[in-house]
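Summary of the model geometry
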Amino acid sequence: MRTYAAVVLAGGAARRMGGVDKPALPVGGRSMRERVLAAVGDATPRVLVGPADNLPDGVRVTREEPAGGGPVAATAAGLALLDPDMTLVALLAADLPLLTRAAIGDLLTHLTTGAGPAVGDSRVPQAGSDPDGVCFVDENGRRQSLCGVWRVGALRAGLVRLAAERGGSLAGAPMRALLAGLAIREVPWAGDGPPPWFDCDTDEDVRRAEEWVR
């Protein structure tokens, strides 16, 4: 298995849930944050971007600038803590309680073996080349960009480009702007069990996740 890092984004405002620390909410007796970190337990390093307590040993913690500045700013903060020679990173939301190591392995395989076609917003890799990243897509074809594995160099280049376009600030930038121009392989979930990209944006989502993990 290829060596990879993991950056988990946990700084969202959770407005639809009253502003609670959403990743700290339990599903099946464990917080969503803990479940996501467990799914990437073999990643080195694991980085959590956002408020945190009671984390496993070895997890690096940082905050986006400004706090609450959105997923692109959080991505930049997380990548800043990676070792210079790291080439692959799982970029994940912290509210994915159904994420599994098998799902991460599926993404890593699609990124590094050339399995399946790659599609991009404005660029497709040349024949025989690898994509810049892979992520799951749901049954409606919606890309789950915060449930994916990416080449660190491609993300860093995207951050530099986007910062230049926005006068140096990444706060409030959407993920689609960061990923514009990257060659992305979209992966439908074909494994057993519930979809690993299922995120919990409402109390009802948390209840559904509870039912799945029983």
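For the structure given in this document, a descriptive report is provided here. (Residues numbered from 1 in each chain as written. Predicted model: local features only at pLDDT ≥ 70, side-chain atom pairs only at ≥ 80, totals over all residues. Heavy atoms only, no water.)

**Thoughts on unusual backbone geometry**
Note the following rule: Helix numbering and strand numbering both begin at the N terminus, where a helix is a DSSP run of H or I of at least 4 residues and a strand a DSSP run of E of at least 2. When a residue's accessible area, from a 1.4 Å probe over protein chains only, is under 20% of the maximum for its type it is buried; when over 50% it is exposed; and in between it is partly exposed.
A cis geometry characterises the amide bond from Thr44 onward to Pro45, with omega recorded as 0°. Looking at the secondary structure, you find Pro45 in the loop between helix 1 (32-39) and strand 4 (46-49). Residue Pro66 follows Glu65 across a cis peptide bond; omega there is -5°. Position of Pro66 relative to the elements: it lies in the loop between strand 5 (60-62) and helix 2 (71-79). With phi around 55°, Asn54 is a residue other than glycine that occupies positive phi space. Look at Asn54 and you get exposed, because its relative accessible area is 79%.

**Examining the environment of Val36**
Rules: A contact between two residues is defined here by any heavy atoms of the two lying within 4.5 Å.
Within the secondary structure layout, Val36 lies in helix 1. Measuring from C-alpha to C-alpha, the distance between Val36 and Leu99 comes to 6.2 Å, with 63 residues separating the pair along the chain. Not counting residues within four places of it along the chain, the set of residues in contact with Val36 comprises Val8, Leu92, Ala93, Ala94, Leu96 and Leu99.

**Re helix 2**
Judged by how many residues are buried, helix 2 sits mostly within the fold: 7 of 9 residues are covered. What helix 2 keeps buried is the set Val72, Ala73, Ala74, Thr75, Ala77, Gly78 and Leu79. Looking at the buried residues of helix 2, the elements they touch are strand 1 (5-9), strand 4, strand 5, strand 6 (88-93), helix 4 (152-165) and helix 5 (175-179).

**Details of the pattern of salt bridges**
Which entries qualify depends on this criterion: Counted as salt bridges are all cases of a side-chain nitrogen of Lys or Arg within 4 Å of a carboxyl oxygen of Asp or Glu.
Tallied over the full model, the rule gives 11 salt bridges. Here Arg33 makes a salt bridge to Asp53, at a shortest N to O gap of 3.4 Å. Of this pair, Arg33 sits in helix 1 while Asp53 is found in the loop between strand 4 and strand 5, placing the two residues 20 residues apart along the sequence. On the basis of relative accessible area, Arg33 is assigned to the buried category, the value being 4%. Residue class for Asp53 comes out partly exposed when judged on its relative accessible area of 46%. Residue Asp42 pairs with Arg101 through a salt bridge whose shortest N-O separation is 2.8 Å. With a gap of 59 residues between them, Asp42 in the loop between helix 1 and strand 4 and Arg101 in helix 3 (residues 101-113) connect regions that are remote in the sequence. Among the charged side chains, a network of salt bridges with common partners joins Asp21, Arg33 and Asp53.

Shape descriptors only; they carry no functional weight alone.
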